[in-house]
Amino acid sequence: MGESRSPSGEKLYEGKAKILYATEDSEILLTRYKDDATAFNAQKRGTIAGKGQINCAISRHLFEMLESAGVPTHYVDCPTPIEMRVKRLTIVPLEVIVRNVAAGSLCKQTGIELGRVIEPAIVEFCYKNDDFGDPLLSEGRIYALKLATPDQVEEIELMSRRINELLTDFFKQCRITLVDFKLEFGITTDGKIVLGDEISPDTCRLWDNTVEDPQARVLDKDRFRQDLGDVEGAYRRVLEKVAAIA
Ligand code: TMP
């Protein structure tokens with residue numbers, strides 16, 4: 001099924017999880033979700049069968065939910081199950097990480113124990129630059145590198161906290177804990193900051209809150225990063241739960 005592709009224009013960029021094409025409308029781009037998976041800045045590579053289609057569908061549901069709650073996103077529609085049409089953005093080169101529960105690099109870098117609830121949630125910024133391994137930034141570094149203005153940083157943080165409230169509530173209804181996630185923002189041609197990229201088990205940590213076992217509860221890319229097995233099954237379960245609530 002994954003092989004059909006909309007007639008599209010020139011390939012503009014191939015990332016680790018998606019390919020970006022031009023379309024006949026200069027304001028609209030087409031993203032094609034791939035089954036490829038990478039971790040640890042692409043030092044680990046693999047494929048997750050069906051991932052492109054699953055992540056496209058999950059992202060579509062979540063973007064639609066956010067839009068209906070008044071959060072502007074780049075989402076337009078999905079012409080096929082692995083493709084999403086999006087508004088053309090100038091990407092702000094920040095990876096915005098929101099953390100509700102300690103996991104991942106927060107535990108590794110600070111010794112804080114896995115699973116500790118973080119209240120209020122942390123919103124932190126990394127430099128979206130693979131050559132440097134997406135390092136954690138300070139506000140001073142953001143301004144010195146001219147990655148964003150103070151007003152943009154303030155607006156992005158406010159939007160990220162609102163998105164966190166909406167996603168946390170949504171996933172709670174799915175009986176999933178939204179542990180942490182990564183967002184990217186961009187600027188439309190008319191100067192508005194909107195949410196970009198994707199929201200999927202590739203970019204979120206999601207724990208099944210009906211399961212106690214610390215490995216069995218993991219429904220996200222940590223199954224691939226840590227070789228926990230049944231990555232595709234976990235992604236499918238997220239889609240089933242999301243689609244049932246959306
Ligand atoms: P971290 O704990 O490794 O910093 O990751 C925090 C969250 O951000 C986690 O949900 C995974 C997501 N993430 C990405 O989407 N892309 C990345 O390149 C990294 C490092 C993390």
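Residues numbered from 1 in each chain as written. Predicted model: local features only at pLDDT ≥ 70, side-chain atom pairs only at ≥ 80, totals over all residues. Heavy atoms only, no water.

## Describing the side chain of Asp220
Considering the arrangement of structural elements, one finds Asp220 in the loop between strand 14 (204–208) and helix 5 (222–225). Of the side chains bearing the opposite charge, Arg225 lies closest to the buried Asp220, which forms no salt bridge; the N-O distance is 4.4 Å. A distance of 2.7 Å separates the side chain of Asp220 from the backbone nitrogen of Asp222, its partner in a polar contact. The contacts of Asp220, once residues within four sequence positions are left out, are Pro201, Cys204, Arg205, Leu206, Trp207, Arg225 and Tyr235. (Helix = DSSP H or I, 4+ residues; strand = E, 2+ residues; numbered from the N terminus. Buried < 20%, exposed > 50% of the residue type's maximum accessible area, 1.4 Å probe, protein only. Lys, Arg positive; Asp, Glu negative; His and termini not counted. Salt bridge = Lys/Arg side-chain N within 4 Å of Asp/Glu carboxyl O. Polar contact = N/O pair within 3.5 Å; in protein donor to acceptor, adjacent residues only side chain to side chain. Contact = heavy atoms within 4.5 Å.)

## Notes on the sheet that holds strand 10 (residues 117–127)
Reading across from one edge, 10-9-11-14 is the order of the four strands in this open sheet, with antiparallel pairing throughout. On the outer flanks of this sheet lie strand 10 and strand 14, each paired with one strand and no other. With direction set aside, neighbouring strand axes in the sheet form an average angle of 15°. Sheet analysis places strand 9 (residues 94–101) next to strand 10, joined by seven bridges and oriented antiparallel. In the strand pairing of strand 10, Ile97 is matched with Glu124. (Pairing = 2+ DSSP bridges. Axes fitted to C-alpha atoms, helices over the stretch in contact; angles between N-to-C directions.)

## Quick word on the pairing of strand 1 (residues 11–14)
Across three bridges, the pairing between strand 1 and strand 2 (residues 18–22) is antiparallel. For Tyr13, the partnering residue across the bridge sits in strand 2 and is Leu20. A loop of three residues connects strand 1 with strand 2, the two strands running antiparallel in sequence.

## Side note on the pattern of salt bridges
Going through the model one piece at a time under the given rule, you end up with 24 salt bridges. The salt bridge partner of Asp130 is Lys16, with a shortest N-O separation of 3.4 Å. Taken together, the residues span a long stretch of sequence, with Asp130 in the loop between strand 10 and helix 3 (139–144) and Lys16 in the loop between strand 1 and strand 2 at a distance of 114 residues. Between Arg99 and Glu124 there is a salt bridge; the shortest N-O distance is 2.7 Å. Of the two residues, Arg99 sits in strand 9 while Glu124 sits in strand 10, which places them 25 residues apart along the sequence. When salt bridges that share partners are traced, they join Lys18, Lys128, Lys182, Glu184, Asp197 and Glu198 into one network.

## Some thoughts on a negative patch on the surface
Side chains of Glu24, Asp25, Glu27 and Asp190 sit close together on the surface and give a patch of like negative charge. Along the chain, Glu27 falls in the loop between strand 2 and strand 3 (28–33). For Glu27, a relative accessible area of 36% corresponds to the partly exposed category. (Patch = residues over 30% accessible without salt bridge, like charges linked within 9 Å, V, L, I, M, F, W, Y side chains within 5 Å. Areas by Shrake-Rupley, 256 points an atom, 1.4 Å probe, with all protein chains shown as cover. Charge placed at Lys NZ, Arg CZ, Asp CG, Glu CD.)

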